[in-house]
Each structure stands twice: as structure tokens, then as C-alpha cells.
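Chain and residue survey
Here is how the chains run, residue by residue.
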Amino acid sequence: MPLQQETLHRLNGVASRLEEITHRLQEPAVVQDHTQYRSLMKEYDRLVPVVEAYKAYGRAQDAAEEAKALLDERGLEPEFWEMVQQELKKSRKQLEQLTQTLQLLLLPRDENDDKNIVFEIRAGTGGEEAALFAHSLWRMYAMYAQRKGWQCEVLNCNETELGGVKEVSFSVKGQGAYSRLKFEGGVHRVQRVPETEMQGRIHTSAVTVAIMPEAEEVDLELDPAELKIDTFRSSGAGGQHINKTSSAIRVTHLPTGMVVECQDERSQYKNKDKALTVLRSRLLQKKQQEQKDALDETRRSQVGSGDRSERIRTYNFPQGRVTDHRIGLTLYKLDSVMDGNLDEILDALAAADQAEKLRQSQSEA
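These lines cover the structure that appears in this document, whether it is placed above or below.

Thresholds, definitions, all that
- Residues numbered from 1 in each chain as written.
- Predicted model: local features only at pLDDT ≥ 70, side-chain atom pairs only at ≥ 80, totals over all residues.
- Heavy atoms only, no water.
- Pairing = 2+ DSSP bridges.
- Helix = DSSP H or I, 4+ residues; strand = E, 2+ residues; numbered from the N terminus.
- Axes fitted to C-alpha atoms, helices over the stretch in contact; angles between N-to-C directions.
- Expected span 1.5 Å × (residues − 1).
- Buried < 20%, exposed > 50% of the residue type's maximum accessible area, 1.4 Å probe, protein only.
- Parallel < 35°, antiparallel > 145°, perpendicular 65-115°, else oblique.
- Left-handed = near helix turned anticlockwise from the far one by under 90°.
- Nonpolar A, V, L, I, M, F, W, Y, C, P; charged D, E, K, R; others polar.
- Contact = heavy atoms within 4.5 Å.
- Core = buried A, V, L, I, M, F, W, Y, C linked by side-chain atoms within 4.5 Å.
- Salt bridge = Lys/Arg side-chain N within 4 Å of Asp/Glu carboxyl O.

With that out of the way, let us pick up the sheet that holds strand S11 (residues 329-331). Strand order in the open sheet formed by eight strands is S2-S3-S1-S5-S4-S9-S10-S11, and the pairing between neighbours is mixed. If you trace the sheet from one side to the other, it starts and ends with strand S2 (151-159) and S11, each paired once. Strand-to-strand twist of the sheet, defined as the mean angle between neighbouring strand axes without regard to direction, takes the value 15°. Across eight bridges, the pairing between S2 and strand S3 (residues 165-173) is antiparallel. Residue pairing across strands places Cys 152 opposite Val 172, the latter belonging to S3.

In C-alpha cells:
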């Protein structure tokens, strides 16, 4: 199925825009303006794959038309006719593949895809076992980030005496981090025999994961008059003080009542910066969800209440199985997944999301 005229018109516009950006990136005034230069480079990187696929589509179309014209001629040698016929089939197959590729590339982009991430992982149903699994998920995402060459930094952590975490927030910085991990938000369920279980019974626990695009100051400016900032002493698991000075920070956003605490650093200033990063990211996410007029519904669908019945994925340790319930994917590679090998799951989630967006786009056309 060839591209529609409207799509071809859009692609011509994209090619013209790329040419314009290419010229602007060579202007001394743009090179010296780091903000403008970085913005144009991001747009340039997004448009290059589209234009390259469009050029390949044009070459394949020319080759198909040339082959068809030759086949319409009379008196061709049988061997040459067969060769041209094969070339026509090859070109048509390329056109079909490139049409689908271009349709996907032209789908509306998530405005947050180029941002870094703020993760929030909280133990839900299951007590200490849920806290231990929350720590396991934190480790899983940290190992995945390491494999991708991304930077992972703890923002705040509330540990338990047995090595679990009641809640932990951390940032992941790297190219494509949000676009890759944005589908991880939701309730993650674990089924396994806890180390403290004497009779070998399988317990089911739940952990909530929230994924937020990291907000920069240019995305959302905080009004100091709307912030209440308190200091307190940092404490470790079990309430034991690990810092004798009041370096921990609690920031309350008065208009919304949002509260963020950070005590991971010994420096009060560093804790304040990290707390403001989390607060800014939470407020940006809230603002974006309100713009979509679905704040409450979106928040419930991503995080839920932490109840076992609301889950996006189940990790079954006795069977070595991990199942993503949204796409019906089951892998018997649990150990590998827990060690940060998430690409097979993330690839499937991204493909399902693209397929759904493409279906909606075609139904609206």
C-alpha cells in the first residue's frame, strides 16, 4: 500500500525542515547559543531517520517504476525478463517495509521521550517481603541502567532492618531513558517463599513503581514563597541516627500539599537540590496529566493502591517465570530479568504501543 498524498506532503515538510536546521547549525550565532544549539540538535537527531527512510522510499519507488516500464516492453529475453521481475518484487517489498517504517516514524512523539527519569519504588502489600522485593526491583533497574551506560543516582531511600526498602527514589540519566522505561510504571507482583517462611509456603506481595520525566527548571519554575522547607536529622534503618547534624530536608509544596524528603547526602544543600528535583518532576507530571484531563485515572492506572489484584507484571520465583499481563508475554528467564536483562520485555512493550498507535492513526485517517 503506497503512502497517501497527505503523508507525502508531511514528509516533504520534514525534509525541508531538516535542510533548514542543517544550515542554521552552521551559523556562528547559533553555535554560540548553547541552549538554541542543543534544541536544534535534538530536533535534527529526530528528523534524520525520517528523512533517510523517505529517501530510501523514493529510491525504491523509482526502481519499481523503472522495472515495471521494462516489463511493459515487448521482446525481452526470457532471462532478462525474469531478472527484472525479481527486481520489481524486491522493490515492492522494500516499499511495503518503508511505508510501515515511515508511518511509525510519523506517529506523534511523547514529549517526554528525551527526558531523564525519576523513579519512585514503594513496598505495598506484603510487609517485609514487599520491602525486600522493592530492593530487588531497585537493583534490577540500576543494573539495566548500568548496561545502557546511563547514570543512576539515589535521591532518597528509606531502608528496613532486614535489607529491604520501604521506599526509594532515584534518577536515571541517559539518552532515551524515559522512552525506554516509561512503561514500567505500575504494580509489580512477586510470588516466592520468603526467607523467614519456615513451612515453605509461597507468599504474594506487591510493589508500586512510578516513572516520572525529570523536570528541569525551564520546564517548571518553583515559587520559593510556595515552599516550606524543614530540616531534620538523617536516620537509618530502625531509627538509628547516621548523622548527628540536621542535614535531611523535607520540602512541602503548599498549594498542592506534596511532601518530598531527602536524607541520602550528608550535605543539606545537596539534599535540598535532590528534593527539589523530585518535587519539580512530580509537579510536571501532575501538570501534564491535568492537561490530558485525566489526572486521577492516569495515576490509578500507573500506580494503583499497591493491592495484589492490580498488577502489570508478576515475578514467580518457584517457576522462574515473569509475565507482563498487559501484552500477555511470559518468559522463563526470571534470574536474567532480575539481573537487569530487560530488553526483551521492553522491546515487546514498545512494539505493542507502536502497533496500537498505528491502529488508531489508521482508523482516524
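Having seen the model, we can carry on.
Mapped onto the elements, Val 172 comes out in strand S3. Taking the C-alpha atoms as reference points, Val 172 and Glu 214, 42 residues apart in sequence, are found 8.8 Å from one another.

We now examine helix H5 (residues 127-148). Residues spaced three or four apart along an α-helix point in a common direction, a consequence of the helix completing one turn every 3.6 residues. With 22 residues, H5 should reach 32 Å at 1.5 Å per residue; the first-to-last C-alpha distance of 32 Å fits that figure. Buried within H5 we find Glu 129, Ala 130, Ala 131, Phe 133, Ala 134, Ser 136, Leu 137, Trp 138, Met 140, Tyr 141, Tyr 144 and Ala 145.

On to the pairing of strand S8 (residues 258-262), then. Of the two faces of S8, the one holding Met 258, Val 260 and Cys 262 is buried and the one holding Val 259 and Glu 261 is not buried anywhere. The pairing of strand S7 (residues 248-253) with S8 spans five bridges and is antiparallel. The residue bridging Arg 250 from the neighbouring strand is Glu 261, located in S8. The turn joining S7 and S8, which pair antiparallel and follow one another in sequence, is formed by four residues; a positive phi near 80° is taken by Gly 257.

With antiparallel pairing, three strands are arranged side by side in an open sheet as S6-S7-S8. Strand pairing shows two members of the sheet lacking a second neighbour, strand S6 (227-232) and S8, which therefore form its edges. Mean inter-strand twist for the sheet, computed between neighbouring axes without regard to direction, equals 15°.

On to the packing of helix H3 (residues 34-72) against helix H4 (residues 78-105). Here H3 crosses H4 at 155°, and the two axes come no closer than 8 Å. Regarding the angle of H3 to H4, the classification is roughly antiparallel. Here H3 and H4 pass one another in a crossing that is left-handed. Split by residue class, the contact of H3 with H4 holds 20 nonpolar, six polar and three charged.

Attention now goes to the packing of helix H1 (residues 5-24) against H3. Two elements in contact, H1 and H3, have axes whose closest approach is 8 Å; the angle formed by their N-to-C orientations is 135°. Overall, the two elements H1 and H3 adopt an arrangement that is oblique. Where H1 crosses over H3, the two elements pack in a sense that is left-handed. Residues Leu 8, Leu 11, Asn 12, Val 14, Ala 15, Arg 17, Leu 18, Ile 21, Thr 22 and Arg 24 of H1 form the contact with H3, whose own contacting residues are Gln 36, Leu 40, Glu 43, Tyr 44, Leu 47, Val 48, Val 50, Val 51, Tyr 54 and Tyr 57. When the residues that make up the contact of H1 with H3 are grouped by side-chain class, the tally is 14 nonpolar, three polar and three charged.

Attention now moves to the nonpolar core. One finds Phe 119, Ile 121, Leu 137, Tyr 141 and Tyr 315 to be the most contacted residues of the largest nonpolar core, which totals 35 residues. Residue assignment for this core shows that the elements contributing at least two residues are strand S1 (117-123), H5, S3, helix H6 (177-181), strand S5 (203-213), helix H9 (334-338) and helix H10 (343-364). Considering every element that reaches this core, the biggest residue donor is H5, with eight residues. Ignoring sequence-local partners within four residues, the contact set of Tyr 315 consists of Phe 133, Leu 137, Met 140, His 188, Arg 189, Val 190, Gln 191, Arg 321, Val 322, Leu 334, Val 337 and Met 338.

With that settled, consider the pattern of salt bridges. Applying the stated criterion across every chain, the model contains 23 salt bridges. With a closest N to O distance of 2.8 Å, Asp 230 and Lys 228 form a salt bridge. Note on Lys 228: relative accessible area 42%, which makes it partly exposed. Overlapping salt bridges, with partners in common, bring together Glu 120, Arg 122, Glu 167 and Arg 282 in one network.

This part covers the environment of Arg 38. By the secondary structure assignment, Arg 38 is in helix H3. A relative accessible area of 47% places Arg 38 in the partly exposed class.

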